[in-house]
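If you want the building blocks of each chain, they are given just below.
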Amino acid sequence: MSVLSDVPVSTDESRRIETDVLIIGAGPAGLYGTYYAGFRGLRVAVMDVLPQCGGQISAMYPEKPIFDIAGFPSVRGRDLVDNLVAQAEPYGPVYLLGHRAVELSHDADGHPVVRSDQGTTVHAGAVVITGGVGTFTPRPLPAGDTFLGRGQVYFVPSPADHADRDVVVVGGGDSAFDWAAMLAPIARSVTLVHRTSRFRAHAATVEKVRTLGIEIIVDSEVSALHGSAHLEQAEIRHRVNKTTRLLPAQTVVAALGFTADLGPLKDWGLTLQARRIAVDTRMATNVPRVFAAGDITDYPGKVRLIAVGFGEVATAVNNAATVIDPEAQLFPGHSTDKEN
């Protein structure tokens, strides 16, 4: 199953959904929580503002190897997300992708009700927020977004879309250098442009790009984009001597970072610490029946790793299960204890 195209999605904007657990955020922690809720015999729905599962992994580095997942010496981002989706699939989760969670209320019985910006309402026994950094918005290209969707992009989820093109990557961080290296074998040409001669990317990644023979233009910026129906050229201007040059470019990747925002969650009455959601040892927030896990949370000693998020969301779901059903056991046993 490809998480970028084949995950079942609810598109009925007036739909009312009843579920045991609503997970807000379809990144790695949210997807593992989806499996775990299903493992516990709970109905589960997943809501995410992005149009695909995987969170930042799918949006920013699906082809990049990840080295800190337990049991995998190295796993490609796309494969990790695919496997997490497949792990949850037997339990029939409902995915609400492209839905931003905008409003939280509680019904007469104290159960959470979440409304999305598409008009869908989800009535749940408990909510688990796994929104990572919240909503992340790409920093715009100074030259403007005139060709956005017609050659200018912010992310490269599918490198094959840029095969046999002249590509200009703008930025000096890990994403910029990763995408330049990723596209080099399939693109007609790749040029990297950065506004200074200092890079935020890891030194080994910078050296890899240099070894591939990719031209790196420093102390420069994209000052204009040119073309008719689609992008054809990028104008590069030196920031010191103001000289310009035109590069052929059917793709410009603006890898300038992003700004993160909790968005509507800020108005949900949650206790926040440094723009993160405060939780206790049960991963419970201060709002009844609302839990949180993963990078979006904060507590003393917090370590923001995917591996930590997996444990946190299992803790959140198990504690949510006892809130939904006070007769339920906190620890359901090991998966190996279950019959196949």
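What you see is a predicted model; the values in this text were computed from it and never measured.

Draft legend 1. Representation of the nonpolar core in the model. Among the nonpolar cores identified, the biggest contains 60 residues, and Leu 22, Val 114, Ile 129 and Trp 268 are the most heavily contacted of them. At seven residues, the largest contribution of residues to this core is made by helix α6 (residues 306-324). The residues contacting Trp 268, other than those within four sequence positions of it, are Ile 24, Ala 101, Val 102, Glu 103, Leu 104, Val 114, Ile 129 and Val 287. Counting residues in hydrophobic clusters, the runner-up holds 23 residues, among them Met 60, Val 169, Ala 181 and Ala 187.

Draft legend 2. Up close: the sheet that holds strand β16 (residues 244-248). If you trace the three strands from one edge of the open sheet to the other, you get β14-β15-β16, paired in antiparallel fashion. Both edges of this open sheet fall to β14 (220-227) and β16, since each of them pairs with a single strand only. Each adjacent strand pair in this sheet contributes to an overall mean axis angle of 30°, direction not counted.

Draft legend 3. Region of interest: the UniProt feature "binding site: FAD" (unreviewed entry) in the chain. The UniProt record annotates "binding site: FAD" (unreviewed entry) at Asp 48, Gln 56, Tyr 61, Ala 101, Phe 136, Asp 295 and Thr 336. If you trace the backbone, Asp 48 turns up in strand β2 (residues 44-48). Here Leu 50 takes part through its backbone nitrogen, which lies 2.8 Å from a polar atom of the side chain of Asp 48. Assignment of secondary structure puts Asp 295 in the loop between β21 (290-292) and β22 (297-298). Judged by relative accessible area, which is 28%, Asp 295 ranks as partly exposed.

Draft legend 4. Focus on the packing of aromatic side chains. Within this structure, the stated rule accounts for nine aromatic pairs. Ring centres 5.4 Å apart and planes at 50° place the aromatic pair Tyr 32 and Phe 310 in the tilted group. One end of the pair, Tyr 32, is in helix α1 (residues 28-39); the other, Phe 310, is in helix α6, with 278 residues separating them in the sequence. A centroid spacing of 6.1 Å and a plane angle of 85° characterise the contact between Tyr 35 and Tyr 36, whose relative ring orientation is edge-to-face. Each member of the pair, Tyr 35 as well as Tyr 36, carries the same accessibility label: buried. Grouped by ring-pair contacts, the aromatic residues Tyr 32, Tyr 35, Tyr 36, Phe 39, Tyr 91 and Phe 310 constitute a single cluster.

Draft legend 5. Spotlight on α6. The first and last C-alpha atoms of α6 sit 26 Å apart over 19 residues, in line with the 27 Å expected at 1.5 Å per residue. Within α6, burial applies to Gly 309, Phe 310, Glu 312, Val 313, Ala 314, Ala 316, Val 317, Asn 318, Asn 319, Ala 320 and Ala 321. On its buried face, α6 sits against α1, α3 (77-88), β8 (121-129), β21 and β22.

Draft legend 6. Region of the structure containing the sheet that holds strand β20 (residues 276-278). The three strands lie next to each other as β19-β20-β22, forming an open sheet whose pairing is mixed. Looking at which strands have only one partner, the edges of the open sheet turn out to be β19 (272-273) and β22. Pairing between β20 and β22: two bridges, direction parallel. Bridged to Ile 277 within β22 is Thr 297.

What counts as what
- Residues numbered from 1 in each chain as written.
- Predicted model: local features only at pLDDT ≥ 70, side-chain atom pairs only at ≥ 80, totals over all residues.
- Heavy atoms only, no water.
- Core = buried A, V, L, I, M, F, W, Y, C linked by side-chain atoms within 4.5 Å.
- Buried < 20%, exposed > 50% of the residue type's maximum accessible area, 1.4 Å probe, protein only.
- Helix = DSSP H or I, 4+ residues; strand = E, 2+ residues; numbered from the N terminus.
- Contact = heavy atoms within 4.5 Å.
- Pairing = 2+ DSSP bridges.
- Axes fitted to C-alpha atoms, helices over the stretch in contact; angles between N-to-C directions.
- UniProt positions renumbered as here; feature names shortened; annotations may be inferred.
- Polar contact = N/O pair within 3.5 Å; in protein donor to acceptor, adjacent residues only side chain to side chain.
- Phe/Tyr/Trp six-rings, centres within 6.5 Å; stacked < 30°, edge-to-face > 60°.
- Expected span 1.5 Å × (residues − 1).

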